[in-house]
Amino acid sequence: MATPVKVYGPPMSTAVSRVLACLLEKDVNFQLIPVDMSKGEHKKPDYLKIQPFGQVPSFQDESISLFESRAICRYVLEKYANQGNKRLYSTNPLEKASIEQWVEAEGQSFNPPSSALVFQLAFAPRMKLKQDMGVIKQSEEKLNKVLDVYEQRLGESRFLAGDEFTLADLSHLPNTQYLVSVTDKGEMFTKRKNVGRWWSEISGRDSWKKVVDLQKPQPPKSA
Amino acid sequence: MVVKLYGPDFAAGKRVLVCLIEKEVEFETVPIDIIKGQNKDPDFLNLQPFGVIPVIQDGDYTLFESRAIIRYYAEKYKSQGTDLLGKSIEERGAVEQWLEVEAQNYHPAIYTLAMEILFARKKGTPSDAKAIEESEKKLGKVLDIYEERLSKRKYLAGDFFSLADLSHLPLTKYLADMGKMYLIEERKHVKAWWNDISNRPSWKKVSSSRWPVLE
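Draft legend 1. Expanded view of the overall build of chain B. From N to C terminus, chain B includes ten helices and four strands. In sequence order, the secondary structure elements of chain B are arranged as β-α-β-α-β-β-α-α-α-α-α-α-α-α. Over its C-alpha atoms chain B spans a radius of gyration of 17 Å, differing by no more than 12% from the 17 Å that the globule rule assigns to 215 residues. Principal axes of the C-alpha set define a box for chain B whose edges measure 50 × 45 × 25 Å. The proportion of buried residues among the 215 residues of chain B is 56%. Counting only contacts in chain B whose residues sit at least 6 apart along the sequence, the fraction spanning at least 24 positions is 67%.

Listed below in structure tokens is the structure:
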């Protein structure tokens, strides 16, 4: 059996959970290595050696160390192309390009406003930081415009890149999960007919349910 | 069939142009004036529903997001022109990592600077001094990491020029127009890297054409 790959970072991190979802879809065994961000572990020299920007996740297998969650996902999809869900990516260049188009749309248009809202509404209160109402308002406006485009697109096709669930849809799971489950902004997704349908479908996948489970506080291990 | 590139004169459009030239792919360009808001016309929104540039048409096929476009052409034409993806899955992994670093860490900071300094000047709108200060600080921290990396490797992903380096060309050029090239020049290895990649014939060709934001 292959040595488990290593993923560094807490599963509650949106970027870490993006990688976990991908590994679970591809049936790749992994070892989750904790990084205690509340104690600043991610900014300490030992961690900076593997991720110089001091961000999570970081990834290691027997041939490579990598960071940036979307890069890790792409690497996993290439390296483990022949196992697990083979439809997350494509060997057909045009299909693959369409998937990349929507992964980039997630990274460049969806992620900035949605991750700002996740931070302001889900994490700032936990960290006892003051919320910035201006950022919340601006981010909500931007995200609404982006979701209008998604509403139109998802009226034309079942998933973002076509008829199959791909890396493009997977990439949206982490931020949306927080917005829908722990903030009052979930309506932005559920009130839009096509986006709501899409969210139900992608978040109902077994792999994502497992990730959500991993994000829950784990019971202490008995001796 | 010739690739049609809409909106080439602006930074992200130039990212695609450099790639097409490196890959020896024939193209034609269609200007889209974003100062005049042509990117919000219904005709353009049919091609690119987010109303941003660039977008390409290749026969019946339409594709947007410059980093998706460059990945597509780098793969499709892997065996011609410059190899921009590396020779193994691991080298490709390194390329993807640094291309994501550009997209997620480098781009937001330098884009804010360009918008607040150059675009605001062009449009005659007020610029946000705090955003400028914060973005310059962020960019400096990113470049410190690049300095360390480039002291060990000639290019970001390894010893070969790749999409990861290419992706930095368009917006970094704007640092000169903002009088902030010292960010590059004060860092020895970053400076050497920038001199190398910005002297590539493909970039010289692309950067010598109009930069409409500044006119």
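Draft legend 2. Region of the structure containing the sheet that holds strand β4 (residues 61-64) of chain B. Residue and element names in this part refer to chain B. In spatial order, the strands read β2-β1-β3-β4; together these four strands make up an open sheet with mixed pairing. Unpaired on one side and paired on the other, β2 (27-30) and β4 mark the two borders of the sheet. On average, each strand axis in the sheet is inclined to that of its neighbour by 20°, with strand direction left out of account. Taken strand by strand, helix α3 (residues 66-76) contacts β1 (3-6), β3 (55-58) and β4, and its axis lies near 125° from that of β4.

Draft legend 3. Molecular detail of the interface of chain A and chain B. If you look at the interface, chain A gives 32 residues, while chain B gives 29 residues. For the pair chain A and chain B, the two sides together bury roughly 2,700 Å², of which 63% comes from carbon and sulfur. For chain A, the biggest contributors to the area lost against chain B are A:F53, A:Q101 and A:Q108; these three give 22% of the whole. Where chain A packs against chain B, one counts four salt bridges.

Draft legend 4. Quick peek at the nonpolar core. Ranked by internal contacts, the top residues of the largest apolar core, which has 68 residues, are A:F59, A:V76 and A:Y150. For this core, the element with the highest residue contribution is helix α4 (residues 93-126) of chain A, accounting for ten residues. Dropping the residues within four chain positions of it, A:V76 is found in contact with A:C22, A:L23, A:K26, A:V28, A:F59 and A:A81. Counting residues in each nonpolar core, the second largest holds 63 residues, with B:V142, B:Y155, B:A164 and B:M178 among its members.

Draft legend 5. Examining the pairing of strand β1 (residues 5-8) of chain A more closely. All names here are of chain A. As paired elements, β1 and strand β2 (residues 30-33) share four bridges and run parallel to each other. The residue bridging K6 from the neighbouring strand is Q31, located in β2. Taking the sense of rotation as the criterion, the β-α-β connection linking β1, helix α1 (residues 14-25) and β2 turns out right-handed.

Draft legend 6. Representation of the packing of aromatic side chains. Within the structure shown, the criterion is met by 21 aromatic pairs over all chains. Centre to centre, the rings of B:Y106 and B:Y146 are 5.7 Å apart; their planes meet at 10°, and the pair counts as stacked. Note that B:Y106 is positioned in helix α4 (residues 89-123) and B:Y146 in helix α5 (residues 129-150), a separation of 40 residues in sequence. You can call B:Y106 buried: its relative accessible area is 1%. Geometrically, the ring pair formed by B:Y146 and B:W193 is edge-to-face, given 6.1 Å between the ring centres and 85° between the ring planes. Of this pair, B:Y146 sits in helix α5 while B:W193 is found in helix α9 (residues 188-198), placing the two residues 47 residues apart along the sequence. Pair check on accessibility: B:Y146 and B:W193 agree, each one buried. By way of ring pairs, the aromatic residues A:W102, A:F110, A:Y150, A:F189, A:W198, B:F50 and B:F64 are connected into one cluster. Between the NZ or CZ atom of A:R126 and the centre of the ring of A:F123, over which it lies, the distance is 5.3 Å. The ring centre of B:F161 lies 3.8 Å from the NZ or CZ of B:R200, which sits over that ring.

Criteria and cut-off values
- Residues numbered from 1 in each chain as written.
- Chains lettered and ligands numbered in written order.
- Predicted model: local features only at pLDDT ≥ 70, side-chain atom pairs only at ≥ 80, totals over all residues.
- Heavy atoms only, no water.
- Helix = DSSP H or I, 4+ residues; strand = E, 2+ residues; numbered from the N terminus.
- Rg over C-alpha atoms; globule rule 2.2 N^0.38 Å.
- Buried < 20%, exposed > 50% of the residue type's maximum accessible area, 1.4 Å probe, protein only.
- Contact = heavy atoms within 4.5 Å.
- Pairing = 2+ DSSP bridges.
- Axes fitted to C-alpha atoms, helices over the stretch in contact; angles between N-to-C directions.
- Buried area = accessible area lost by both parts, 1.4 Å probe.
- Salt bridge = Lys/Arg side-chain N within 4 Å of Asp/Glu carboxyl O.
- Core = buried A, V, L, I, M, F, W, Y, C linked by side-chain atoms within 4.5 Å.
- Right-handed = clockwise from strand over helix to strand, strands pointing away.
- Phe/Tyr/Trp six-rings, centres within 6.5 Å; stacked < 30°, edge-to-face > 60°.
- Lys NZ or Arg CZ within 6 Å of the ring centre and 35° of its normal.

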